[in-house]
Amino acid sequence: MKTLWTSTVLCRTIGITGAVLSLVSMIIASWCYGPAIFKSYLLATAYGQQAAAGVTTPGAGTFSDHTVAANLAITHTTYTKTELNMMISGAAAGDFNNDGWQDLFVLGGGATADALYINQQDGSFREEGAAWGLADHQRGSGAAVGDYNNDGWLDIFVTSHGITETASIGHHRLYRNNHDGSFTDVAQAAGVNQSSPTMPDGFGASFGDYDLDGDLDLFVTGWQQGSKGNRLFRNNGNGTFSDVTNSSGAFNSGLRGFSPCFADMNGDRYPELLVAGDFSTTKYFVNNGNGSFTDQSVTAGVAIPIYGMGSTVADLNNDGRLDWYVTSIYHATFGGEGNRLFINQGNDQFVESAAAAGTDNGRWGWGTAAVDLNHDGWVDIAETNGWPLEAQFRDQPARLWMNQGNDHFSEEAAAAGLDHNLDGRGLLAFDYDNDGDEDIVITSNNGRLYLFRNEITGSDAHWLRIFLDTSQRADLAPNGIGARVQVSIGGNSYVRTIQACANYLSQSELSAHFGLGSASVADEVRVEWPNGEVTTLTNIDLNQTLTIAPSVRFYLPIIATTLQ
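Rules used throughout
Residues numbered from 1 in each chain as written. Predicted model: local features only at pLDDT ≥ 70, side-chain atom pairs only at ≥ 80, totals over all residues. Heavy atoms only, no water. 1 Å grid on protein atoms, 1.4 Å probe; cavity = no way out; pocket = protein on both sides within 12 Å on 5 of 7 lines; lining within 4 Å. Points joined across faces, edges and corners; volume = space filled by probe spheres on them. Helix = DSSP H or I, 4+ residues; strand = E, 2+ residues; numbered from the N terminus. Disulfide = S-S within 2.5 Å. Buried < 20%, exposed > 50% of the residue type's maximum accessible area, 1.4 Å probe, protein only. Nonpolar A, V, L, I, M, F, W, Y, C, P; charged D, E, K, R; others polar. Pairing = 2+ DSSP bridges. Axes fitted to C-alpha atoms, helices over the stretch in contact; angles between N-to-C directions. Polar contact = N/O pair within 3.5 Å; in protein donor to acceptor, adjacent residues only side chain to side chain. pLDDT = per-residue confidence, 0-100. Contact = heavy atoms within 4.5 Å.

1. Looking at empty space enclosed by the protein
Line of reasoning, step 1. Enumeration over the complete set of coordinates arrives at three cavities of 30 Å³ or more.
Line of reasoning, step 2. Approximately 400 Å³ is the volume attributed to the largest cavity.
Line of reasoning, step 3. For the largest cavity, the lining is made up of 26 residues, of which Ala370, Thr497, Gln499, Ser508 and Ser511 are closest to its centre.
Line of reasoning, step 4. Elements with a minimum of two residues in the lining of the largest cavity: β19 (311-314), β25 (365-371), β34 (492-497) and β36 (512-515).
Line of reasoning, step 5. For the lining of the largest cavity, the element with the highest residue contribution is β19, accounting for four residues.

Right, here's the structure in full:
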C-alpha cells in the first residue's frame, strides 16, 4: 500500500496546467486548481447529450403529454373545498439521490398522500414516497428544495396547513435527506415548523443565502390577513434557524405573500428579497449587505395595483440584468390589470411593461417559469391559471409566452401542444430526460398532475446546461445558489442565475440552462460566485451538461490519496 501526497507545491513542480489531457492529469489538476475542470470533464462524459436538437425557425417548438408514459399518476385532492384549500397544489424538482437525474416531489392535497417520484433514467419515474418517509396525508401548500445543512444532499421544506380536515398551525415540514433513500422531518427541532404565530398559513417558500455566509436561509410567505405569516428565518449553521423577520427589516404587516425569491437585482452580489403579494402588496426588499433589508417597493416601481401570485426572475431582454415577471388577474370586473413584467433599469429601478410586451392577459394567473424553451437564445415564459369559484376563469388554458427578441412575446401554448385546461397552480421546469431541453410540470388544484416533454427538433438550437458544486467550499451556498453564470459566444453574452425561487408553490431544478441557437462552441463560460470569485472556462463544446466547482486550492493545500 502506497500513499501519494500532493500539494500546491507538487502541482507547480510537475507543471500541471489547464490544458490537461489524460484522466490522471485531470484528477491531479483538480487537486491543484479546484475540481472545476475535473467535474466538468466527468459530467460532460457521463451526461452530455451530443444529439442534434433544435428548431428550424424561432418559435414555440413542440410539447407532448408524457404524464402516463412517465408513470406520474397522482391526482391532487383536498379534504374540503374551502378557499384556502382551493389555492394549493405544489411540487419541486431535485436530484434527491445524487445520481445525476432530476426527481420530483409532489404534494397530494391531504386526501391524497404526498408522493416522491424517483427518476428511472429511461424517461419514467417510480413512486417511492412511502419508502423515503414522504407519503404524508397533510394539507401541504408549497414545496421548496435546498441543502439547508450543507451535507451535499438536497432537503425539502413544505408549508402545511395541518394534518386533518380542520386547519391548524405548527405543521410545516423540513425533510432532512438522510443519504440512504429516506428523509426525516426535523422542522420542529430546526425552528421552522410554523410561520404564522396565530393561524394556519404558509404558501410559497424560498431558500437563499441573503447574508452570504455560505448556508441557506429561508423565507416563508403567508397570505392570511393579519396572520403575520411572512417570515425570514436565518440559518444558524448548526441545523437550526432563527426568526429574524423584525430585526432584518423584512417585516410588513400588510403583505399578503404568495411567492418569494432571493435574487441579486442590482449587481452587488447580495440578493434582494422579492415577494409577489396579493391585493397590491407585492414587495421589493433591497439587501443592505449587513443582514438587513430596506423596503424600496415604491421607489423601485413595483408598488402598483396587482394581485401578485406567481413569480419568476430572469434576464428577459438579454441586457445582463434580471427582470421580474409576476402573475395576476386580468379582468375588469375584479379591477385586475393582468400580469406585470418589471424590466430592470439598474439601480433598483424597474419599468412595468407587460401590456407592451403582450404578456398581461394570463386570465387568473398562478405558477410561472422563465426558461429558453426553443433554444433561440431568448428566455420564454410559461404560465398556468384558473379559478373554480368564478365561471369565466374555470379550467382555463395554460399560457406560453415565446420571446420574439424584440421586447415582445407571442402566446403560442395551443400551437406548441402545452395543452392544460385544468385549474393549474404550480408550474416548474426541469430536464427530466437529460436531453438538454427543459420540460414542464403543471400541478392542478383537485386535479391530476401533467408532464409536458419538450420535443425540440431541428439542428439550430444548441444548448448548455450547468450545475454548480460548492461542496468543498463552506463559504459558498450549496449548489451555487446565488451565483451568476454567463456564456459568451461571438460577442453575445447570455446570463442565467442559480436560484431557488418559488414559482408559486413550486420550484424548478437548480441549474443554469442556455439555449444557444446554431452555435457549436461557447467562447467562454464565466461563473461569478456570490463571494466575488470568478471561474472561467473557454472553448466549451455545446450540447452537454456540465458541473462546475470553484477552486479549493486555498482550502485543501495538502491531499492524501491511498493507492492499492
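2. Some thoughts on the state of the cysteines
Line of reasoning, step 1. Taken as a whole and assessed by the stated rule, the structure comprises one disulfide.
Line of reasoning, step 2. Two residues share a disulfide in this structure: cysteine 261 and cysteine 501, whose sulfurs sit 1.9 Å from each other. Of this pair, cysteine 261 sits in strand β15 (residues 257-263) while cysteine 501 sits in the loop between β34 and β35 (506-507), and the two are 240 residues apart along the sequence. Comparing cysteine 261 with cysteine 501, the two get one shared label, buried.

3. Describing the layout of surface pockets
Line of reasoning, step 1. Approximately 760 Å³ is the volume attributed to the largest pocket.
Line of reasoning, step 2. Lining the largest pocket are 33 residues, and of these Asn98, Gly152, Leu468, Asp469 and Asn479 lie nearest its centre.
Line of reasoning, step 3. At the level of elements, α3 (36-47), β3 (91-94), β32 (463-468) and β39 (544-548) are the ones that each hand at least two residues to the lining of the largest pocket.
Line of reasoning, step 4. Along the lines of polarity and charge, the residues of the lining of the largest pocket split into 13 nonpolar, eleven polar and nine charged.

4. Points about the sheet that holds strand β14 (residues 241-243)
Line of reasoning, step 1. Pairing is antiparallel in the open sheet, where four strands are placed in the order β11-β12-β13-β14. Bordering the open sheet on either side are β11 (205-208) and β14, each of which pairs with just one other strand. Between one strand axis and the next, the sheet turns by 25° as a mean value, whatever way the strands run.
Line of reasoning, step 2. By the bridge criterion, three bridges tie strand β12 (residues 217-220) to strand β13 (residues 231-235) in an arrangement that is antiparallel.

5. Thoughts on unusual backbone geometry
Line of reasoning, step 1. In this model, asparagine 150 sits at a positive phi of 55°, which is unusual for a non-glycine residue.
Line of reasoning, step 2. Tracing the chain through its elements places asparagine 150 in the loop between β7 (140-146) and β8 (155-160).
Line of reasoning, step 3. Residues other than glycine seldom take positive phi values, yet leucine 505 does so here, at roughly 65°.
Line of reasoning, step 4. Along the chain, leucine 505 turns up in the loop between β34 and β35.
Line of reasoning, step 5. Its relative accessible area of 1% is what places leucine 505 among the buried residues.

6. Describing the sheet that holds strand β6 (residues 125-127)
Line of reasoning, step 1. As summarised here, the arrangement of the five strands in space is β6-β5-β4-β3-β35, forming an open sheet in which the pairing is mixed. Whereas interior strands pair on both sides, the edge strands pair on one side only; in this sheet they are β6 and β35.
Line of reasoning, step 2. Across three bridges, the pairing between strand β5 (residues 115-119) and β6 is antiparallel. From the neighbouring strand, asparagine 119 faces β6, where its bridge partner is phenylalanine 125.

7. Some points on the environment of arginine 526
Line of reasoning, step 1. Following the sequence through the fold, arginine 526 ends up in strand β37 (residues 521-528).
Line of reasoning, step 2. Accessibility expressed as a relative area gives 27% for arginine 526, which makes it partly exposed.
Line of reasoning, step 3. A distance of 2.8 Å separates a polar atom in the side chain of arginine 526 from a polar atom in the side chain of glutamate 528.

8. Quick look at the confidence of the model for the chain
Line of reasoning, step 1. The predicted model of the chain has a mean per-residue pLDDT of 89, with 87% of residues at 70 or higher.
Line of reasoning, step 2. Segment residues 1-60 is flagged for pLDDT under 50; beyond a separation of four residues in sequence, or across chains, it makes 125 contacts in the model.
Line of reasoning, step 3. Long-range and interchain partners of residues 555-564, a stretch whose pLDDT sits below 50, account for 27 contacts in this model, where long-range means more than four residues apart.

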